Amino acid sequence: MDAITLLTQRRSIPRLLAPAPTGEALDNMLAAGLRAPDHGALTPWEFVVATGEGLDKLSAILKSAAEADNEEDAVVEKATKSPYRAPMVITVIARTKQHDKVPVIEQHISAGCAAQAMQMAAVAQGFQGFWRTGKWAYHPVVREAFNVSGDDEIVGFLYVGTPDCTPAGVPKRDTAKYVTYL
């Protein structure tokens, strides 16, 4: 798949099965994430890969967050099951550093670019994925479990696996609605 097609035809695929990327395919994804735009060469990211028992650990973390909020049973169950929507979940964390020329928001955006790069690398290799954040990414129980504090943020959970469906067509978007020129 050429790069322009990859970028212009991107779709999130929410129905994912095993296998997840392993070996060279996973290494390629992580390498793509590490090539995200990075002003100041701060490498303001961390990628936490969960598969197998790691998904069980992520499930327990999300369940604890829901229970801490005294959520209804249905919400606790949904949070508990959410990591199993794919055979792999990569938690992308912005690990910020104080820097005179690189504001924190730019470091958060850099971590977001890393997530996008990993998703595109997955697609380029025949896998698929979707990126979710949701309220659990900001929850104190989840932040503590991932040692996220201060200006650091979980920028998303990247679910990755083999597509279980054929992607729908890409909706056309009129650039005139979103682009202006000076």
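The structure under discussion appears in the preceding block.
Residues numbered from 1 in each chain as written. Predicted model: local features only at pLDDT ≥ 70, side-chain atom pairs only at ≥ 80, totals over all residues. Heavy atoms only, no water.

Structural notes on the packing of aromatic side chains
Okay, step 1: This model, assessed by the stated rule, comprises two aromatic pairs.
Okay, step 2: Ring geometry for W45 versus F47: centroids 6.2 Å apart, planes at 20°, classification stacked. Both residues of the pair, W45 and F47, count as buried.
Okay, step 3: Relative to Y159, the ring of F130 has its centre 4.5 Å away and its plane inclined at 10°; by these criteria the two rings are stacked. Of this pair, F130 sits in strand 4 (residues 128-132) while Y159 sits in strand 5 (residues 153-163), and the two are 29 residues apart along the sequence. Comparing F130 with Y159, the two get one shared label, buried.
Okay, step 4: The residue whose ring lies beneath R85 is Y159, and the NZ or CZ to ring-centre distance is 6.0 Å. (Phe/Tyr/Trp six-rings, centres within 6.5 Å; stacked < 30°, edge-to-face > 60°. Buried < 20%, exposed > 50% of the residue type's maximum accessible area, 1.4 Å probe, protein only. Helix = DSSP H or I, 4+ residues; strand = E, 2+ residues; numbered from the N terminus. Lys NZ or Arg CZ within 6 Å of the ring centre and 35° of its normal.)

Considerations on unusual backbone geometry
Okay, step 1: In this chain, A18 is followed by P19 through a cis amide linkage whose omega measures 5°.
Okay, step 2: Its location among the elements puts P19 in the loop between strand 1 (16-17) and helix 2 (23-33).
Okay, step 3: You will see that T43, though not glycine, has its phi angle at about 40°, which is positive.
Okay, step 4: Along the polypeptide, T43 turns up in the loop between helix 2 and strand 2 (45-50).
Okay, step 5: With a phi close to 55°, N147 is a non-glycine residue in the positive phi region.
Okay, step 6: Mapping N147 onto the fold places it in the loop between helix 6 (140-145) and strand 5.
Okay, step 7: Classification of N147 as exposed rests on a relative accessible area of 58%.

Some remarks on the nonpolar core
Okay, step 1: If you look at the biggest cluster of nonpolar residues, it comprises 23 residues, and the most contacted ones within it are W136, V142, F146, I154, F157 and Y159.
Okay, step 2: If you list the elements that add at least two residues to this core, you get helix 3 (53-68), helix 4 (73-81), strand 3 (88-94) and strand 5.
Okay, step 3: Top element by residues in this core is helix 3. It accounts for six residues.
Okay, step 4: Every residue in contact with W136, bar those within four places of it in the chain, is listed here: L62, A65, A66, D69, E71, V75, A79 and V142. (Core = buried A, V, L, I, M, F, W, Y, C linked by side-chain atoms within 4.5 Å. Contact = heavy atoms within 4.5 Å.)

What to know about a nonpolar patch on the surface
Okay, step 1: A surface patch of nonpolar side chains, about 430 Å² in accessible area, is lined by Y178, V179 and Y181.
Okay, step 2: Tracing the backbone through its elements, the reader meets V179 in the segment after strand 5. (Patch = residues over 30% accessible without salt bridge, like charges linked within 9 Å, V, L, I, M, F, W, Y side chains within 5 Å. Areas by Shrake-Rupley, 256 points an atom, 1.4 Å probe, with all protein chains shown as cover. Salt bridge = Lys/Arg side-chain N within 4 Å of Asp/Glu carboxyl O.)

A short note on the packing of helix 2 against helix 5 (residues 104-124)
Okay, step 1: Axis separation between helix 2 and helix 5 bottoms out at 7 Å; the angle between their running directions is 150°. With respect to helix 5, the element helix 2 is oriented roughly antiparallel. In this structure, the crossing between helix 2 and helix 5 has a hand that is right-handed. For the pair helix 2 and helix 5, the contacting residues are N28, M29, L30, A32 and G33 in the first and A114, A117, M118, A121 and A122 in the second.
Okay, step 2: Residues belonging to the contact of helix 2 with helix 5 are distributed by class as follows: eight nonpolar, two polar and no charged. (Axes fitted to C-alpha atoms, helices over the stretch in contact; angles between N-to-C directions. Parallel < 35°, antiparallel > 145°, perpendicular 65-115°, else oblique. Left-handed = near helix turned anticlockwise from the far one by under 90°. Nonpolar A, V, L, I, M, F, W, Y, C, P; charged D, E, K, R; others polar.)

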